[in-house]
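Now for the letters of each chain:
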Amino acid sequence: MTQGEHRSPARRTVLGAAGAAVLGASTVLPTGAAQAAEARGKGHGFRSLPVPTVIAHRGASGYRPEHTLGSYQLALDLGAHVIEQDLVPTKDGHLVCRHENDITGTTDVADHPEFASRRTTKSVDGVSLTGWFTEDFTLAELKTLRAKERIPGTRQENTLYDGRWQIPTFEEVLRWAEQEGRRRGREVWLHAETKHPTYFRSLGLGLEERLAKLLRRYGRHRADSPVFLQSFEPSSIQRLAKLVNSPRVVLLSAASSRPWDFVQAGDPRTVADLVTPQGLRWIASYAQGIGPTLDLVIPRDASGRLGSPTTLVRDAHAEGLILHPYTQRNENSFLPAEYRRGTDPTAYGDVFGALKTYLSTGIDGIFSDNPDTALLAAADL
């Protein structure tokens, strides 16, 4: 059987809804989600967002190549409360939306002979990578490339859309959000991440000042502006806190890991130190939330099954922090072992069971590649 040929009824239903939205048909949300969408007003800040908040991870990346205007548009049409962008710079200082500065797997750059000589090996945050990197291209050069699906082996259907969209700049996304906001009569929320900020600052391409300038230009620099700013490097969030008042979120990876800015500064603290009450109190002094990996909320055991929830939700709330954990995906390969169904890693598992478990911990939101699935789970809750 060709990979991706099998479809469960649940998968056909979800993909059907996604297709209807992108073709312009009206999107039918569950009653609670629809009412929450209608209730979202202007200028009330992040506390006015529905809880749990559904954040479209790189857009509707479960259905379209990530970080494209097609992925963002579909996520919005499906009802996502917030749309995420990851930001990296070009050689001439423009911020563009890519999950990584290495664009080898997310664009058709390898098919462009004029850029063959740009292929190189770099060390990014201590990891050696070989490929093509945004900081070696001007924006005009990047605009000659086309986006493609990052994990085609898992999401074969998404390859249908390879080549349809360019790499968007963050300014283009801000303009798109303004246009969609006027059309829908409500704010369009964004969740923008500074990627590898210490690395880029060392190249003379500091991200925070460029991001703050755009936020001020488009009126998203205030405490009640419809945008979250996020980073895995606490110092980037601290720098942004001095530039704008937009709500800020510190992203947290595996407990044993250290933020790269900590490594560079000789700070011995790990993520495990940051999720203690003392560490959370420190984060709360300059940020409004945290974005932990789901494993920091409910760890998995050696067999991949969920264990008991940690005290992170309670401890973060005690410091006034919201929690936006990452990432919910529908495929078996990403789910805890007890929620996988069958042996095909690309097939959908018991996603609603997993989401019920995660959302029941009291998290304030969740990053999802499949925002329609997460919205249904939130309505169930």
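That block above? That's the structure.
A.B. asks: With reference to specific residues and values, describe the pattern of salt bridges.
C.D. replies: As enumerated under the stated definition, the model contains 26 salt bridges in all. One salt bridge connects Arg58 with Glu66, and the closest N-O pair in it is separated by 2.9 Å. Classification of Glu66 as buried rests on a relative accessible area of 6%. The salt bridge partner of Arg201 is Glu209, with a shortest N-O separation of 2.8 Å. Through salt bridges that share partners, Asp77, Glu180, Arg183 and Arg184 make up one connected network.

A.B. asks: Quick one: what's the story with unusual backbone geometry, residue by residue and with numbers?
C.D. replies: Among all residues except glycine, the phi angle is most often negative; among peptide bonds, the trans geometry is most common. Cis geometry marks the peptide bond from Val51 to Pro52; its omega dihedral reads 5°. Tracing the backbone shows Pro52 in the loop between α2 (31-39) and β1 (53-56). In this structure, Arg58 takes a positive phi of about 60° despite not being glycine. Of note, Arg58 is situated in the loop between β1 and α3 (69-78). Phi at Asp125 takes a positive value of approximately 50°, unusual for a residue other than glycine.

A.B. asks: Before we move on, could you go through the pairing of strand β7 (residues 227-231) and cite the residues and values that matter?
C.D. replies: Where burial is concerned, most of β7 is hidden: 5 out of the 5 residues are buried. Side chains of β7 alternate between two faces, with Val227, Leu229 and Ser231 and Phe228 and Gln230 buried alike. Pairing analysis gives 4 bridges linking strand β6 (residues 189-194) to β7, with the strands arranged parallel. If you follow Ala192 over to β7, its bridge partner there is Leu229. Direction of pairing for β7 relative to strand β8 (residues 248-252): parallel, over a ladder of 3 bridges. Bridge pairing in β8 links Gln230 to Val249. Regarding topology, helix α8 (residues 234-243) serves as the crossover connection from β7 to the parallel β8, and that connection is right-handed.

The rules behind each value
Residues numbered from 1 in each chain as written. Predicted model: local features only at pLDDT ≥ 70, side-chain atom pairs only at ≥ 80, totals over all residues. Heavy atoms only, no water. Salt bridge = Lys/Arg side-chain N within 4 Å of Asp/Glu carboxyl O. Buried < 20%, exposed > 50% of the residue type's maximum accessible area, 1.4 Å probe, protein only. Helix = DSSP H or I, 4+ residues; strand = E, 2+ residues; numbered from the N terminus. Pairing = 2+ DSSP bridges. Right-handed = clockwise from strand over helix to strand, strands pointing away.

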